[in-house]
Amino acid sequence: MNIENAKSQMRKGMLEYCILLLLKERPAYASDVIERLKEAELLVVEGTLYPLLTRLKKEGLLNYNWQESTQGPPRKYYELSSEGRTFLSELDQAWEEIAHTVEVLKR
(Lines give C-alpha, C1' and ligand atoms only; values in the text may rest on other atoms or scores of the structure.)
Protein backbone atom coordinates (compact mmCIF):
# COMPACT_ATOMS: atom_id res chain seq x y z
CA MET A 1 0.00 0.00 0.00
CA ASN A 2 1.15 3.53 -0.76
CA ILE A 3 1.72 5.53 2.46
CA GLU A 4 0.83 8.82 0.75
CA ASN A 5 -2.54 7.38 -0.25
CA ALA A 6 -3.17 6.19 3.31
CA LYS A 7 -2.23 9.62 4.71
CA SER A 8 -4.48 11.32 2.17
CA GLN A 9 -7.42 9.15 3.21
CA MET A 10 -6.80 9.94 6.87
CA ARG A 11 -6.69 13.69 6.17
CA LYS A 12 -9.85 13.49 4.09
CA GLY A 13 -11.62 11.71 6.93
CA MET A 14 -10.86 14.46 9.42
CA LEU A 15 -11.17 17.52 7.18
CA GLU A 16 -14.86 18.13 7.99
CA TYR A 17 -14.09 17.94 11.71
CA CYS A 18 -11.18 20.37 11.37
CA ILE A 19 -13.28 22.89 9.45
CA LEU A 20 -16.01 22.78 12.09
CA LEU A 21 -13.37 23.26 14.80
CA LEU A 22 -12.05 26.35 13.02
CA LEU A 23 -15.50 27.85 12.65
CA LYS A 24 -16.35 27.19 16.30
CA GLU A 25 -14.43 30.25 17.46
CA ARG A 26 -15.49 32.79 14.84
CA PRO A 27 -16.94 33.15 11.34
CA ALA A 28 -14.41 32.88 8.52
CA TYR A 29 -14.04 33.53 4.82
CA ALA A 30 -13.11 30.45 2.75
CA SER A 31 -9.58 31.67 2.02
CA ASP A 32 -9.11 32.32 5.77
CA VAL A 33 -10.12 28.70 6.43
CA ILE A 34 -7.56 27.49 3.89
CA GLU A 35 -4.87 29.67 5.50
CA ARG A 36 -5.65 28.45 9.02
CA LEU A 37 -5.60 24.83 7.84
CA LYS A 38 -2.23 25.48 6.20
CA GLU A 39 -0.92 26.89 9.48
CA ALA A 40 -2.01 23.63 11.11
CA GLU A 41 -0.16 21.76 8.33
CA LEU A 42 -3.33 20.40 6.75
CA LEU A 43 -3.12 21.43 3.09
CA VAL A 44 -6.44 21.93 1.33
CA VAL A 45 -7.18 23.48 -2.04
CA GLU A 46 -10.20 25.62 -2.92
CA GLY A 47 -11.54 22.89 -5.20
CA THR A 48 -11.88 20.65 -2.15
CA LEU A 49 -13.03 23.26 0.36
CA TYR A 50 -15.88 24.99 -1.48
CA PRO A 51 -17.91 21.83 -2.21
CA LEU A 52 -17.46 20.75 1.41
CA LEU A 53 -18.63 24.13 2.75
CA THR A 54 -21.64 23.96 0.42
CA ARG A 55 -22.51 20.46 1.62
CA LEU A 56 -22.18 21.45 5.28
CA LYS A 57 -24.45 24.44 4.62
CA LYS A 58 -27.06 22.23 2.91
CA GLU A 59 -26.91 19.83 5.86
CA GLY A 60 -27.72 22.71 8.20
CA LEU A 61 -24.37 22.65 10.01
CA LEU A 62 -23.22 26.05 8.71
CA ASN A 63 -24.74 29.43 8.06
CA TYR A 64 -23.16 32.23 6.08
CA ASN A 65 -23.53 35.94 5.66
CA TRP A 66 -22.15 38.43 3.20
CA GLN A 67 -19.75 41.09 4.47
CA GLU A 68 -18.39 44.05 2.57
CA SER A 69 -14.71 43.87 1.71
CA THR A 70 -12.19 46.65 1.22
CA GLN A 71 -10.43 44.41 -1.32
CA GLY A 72 -13.20 43.78 -3.84
CA PRO A 73 -16.71 42.36 -3.83
CA PRO A 74 -18.54 41.27 -0.66
CA ARG A 75 -17.30 38.05 0.89
CA LYS A 76 -19.22 35.06 2.18
CA TYR A 77 -18.34 34.33 5.81
CA TYR A 78 -19.23 30.90 7.21
CA GLU A 79 -20.15 30.15 10.81
CA LEU A 80 -21.48 27.20 12.76
CA SER A 81 -25.25 26.95 13.09
CA SER A 82 -26.76 25.72 16.35
CA GLU A 83 -27.09 22.29 14.69
CA GLY A 84 -23.43 22.55 13.70
CA ARG A 85 -22.42 23.22 17.30
CA THR A 86 -24.35 20.15 18.46
CA PHE A 87 -22.82 18.05 15.68
CA LEU A 88 -19.32 19.31 16.55
CA SER A 89 -19.87 18.35 20.19
CA GLU A 90 -20.75 14.82 19.06
CA LEU A 91 -17.68 14.74 16.79
CA ASP A 92 -15.53 15.85 19.73
CA GLN A 93 -16.76 12.84 21.69
CA ALA A 94 -16.17 10.51 18.74
CA TRP A 95 -12.64 11.91 18.29
CA GLU A 96 -11.84 11.28 21.96
CA GLU A 97 -13.03 7.69 21.61
CA ILE A 98 -10.95 7.13 18.47
CA ALA A 99 -7.86 8.76 20.01
CA HIS A 100 -8.25 6.59 23.10
CA THR A 101 -8.54 3.44 20.99
CA VAL A 102 -5.41 4.32 19.02
CA GLU A 103 -3.46 5.06 22.20
CA VAL A 104 -4.51 1.74 23.75
CA LEU A 105 -3.48 -0.16 20.63
CA LYS A 106 -0.10 1.60 20.37
CA ARG A 107 0.96 0.38 23.84
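Residues numbered from 1 in each chain as written. Predicted model: local features only at pLDDT ≥ 70, side-chain atom pairs only at ≥ 80, totals over all residues. Heavy atoms only, no water.

1. A look at the overall build of the protein chain
Scanning the protein chain for helices and strands turns up 4 helices and 3 strands. The secondary structure elements of the protein chain, listed N-terminal to C-terminal, are α-β-α-α-β-β-α. For the C-alpha atoms alone, the extent of the protein chain along its principal axes is close to 55 × 30 × 20 Å. Residue burial in the protein chain is summarised as follows: out of 107 residues, 30% are buried. (Helix = DSSP H or I, 4+ residues; strand = E, 2+ residues; numbered from the N terminus. Buried < 20%, exposed > 50% of the residue type's maximum accessible area, 1.4 Å probe, protein only.)

2. Observations regarding the packing of aromatic side chains
Per the stated rule, a full pass over the model turns up 4 aromatic pairs. Taken together, Tyr64, Trp66 and Tyr78 form an aromatic cluster joined through their ring pairs. Positioned over the ring face of Tyr64 is Lys76, at 4.3 Å from the centre of the ring. (Phe/Tyr/Trp six-rings, centres within 6.5 Å; stacked < 30°, edge-to-face > 60°. Lys NZ or Arg CZ within 6 Å of the ring centre and 35° of its normal.)

3. A closer look at the sheet that holds strand β1 (residues 28-29)
Either a parallel or an antiparallel arrangement is found when strands of a sheet pair, and the pairing is made through backbone hydrogen bonds. The 3 strands lie next to each other as β1-β3-β2, forming an open sheet whose pairing is antiparallel. The open sheet has two free edges, formed respectively by β1 and β2 (62-69), since each of these has just one partner strand. Here β1 pairs with strand β3 (residues 72-80) via 2 bridges, running antiparallel. When the bridges of β3 are listed, Ala28 appears paired with Tyr78. (Pairing = 2+ DSSP bridges.)

4. Let's talk about the side chain of Ser69
Of note, Ser69 is situated in strand β2. By relative accessible area, which is 17% here, Ser69 ends up buried. Within polar-contact distance, the side chain of Ser69 engages the backbone nitrogen of Gln71 at 3.0 Å. Excluding anything up to four places from it in sequence, Ser69 contacts Pro74 and Arg75. (Polar contact = N/O pair within 3.5 Å; in protein donor to acceptor, adjacent residues only side chain to side chain. Contact = heavy atoms within 4.5 Å.)

5. Comments concerning the nonpolar core
Ile19, Leu23, Val33, Leu37, Leu49 and Leu62 are the most contacted members of the largest nonpolar core, which has 23 residues in total. Secondary-structure elements contributing two or more residues to this core are α1 (3-25), α2 (30-39), α3 (46-58) and β3. A total of 7 residues in this core trace back to one element, the largest contributor, which is α1. (Core = buried A, V, L, I, M, F, W, Y, C linked by side-chain atoms within 4.5 Å.)

6. What to know about the layout of surface pockets
Volume-wise, the largest pocket comes out at about 180 Å³. Ser8, Arg11, Lys12, Leu15, Leu42, Leu43, Val44, Val45 and Thr48 together form the lining of the largest pocket. Take the lining of the largest pocket: its biggest share by element is 4 residues, from α1. For the lining of the largest pocket, the class distribution of residues is 5 nonpolar, 2 polar and 2 charged. (1 Å grid on protein atoms, 1.4 Å probe; cavity = no way out; pocket = protein on both sides within 12 Å on 5 of 7 lines; lining within 4 Å. Points joined across faces, edges and corners; volume = space filled by probe spheres on them. Nonpolar A, V, L, I, M, F, W, Y, C, P; charged D, E, K, R; others polar.)

7. Looking at the pairing of β3
Across 7 bridges, the pairing between β2 and β3 is antiparallel. Across the sheet, the residue bridging to Asn63 is Glu79, located in β3. Taking the residues between adjacent antiparallel strands as the criterion, β2 and β3 are bridged by 2 residues.

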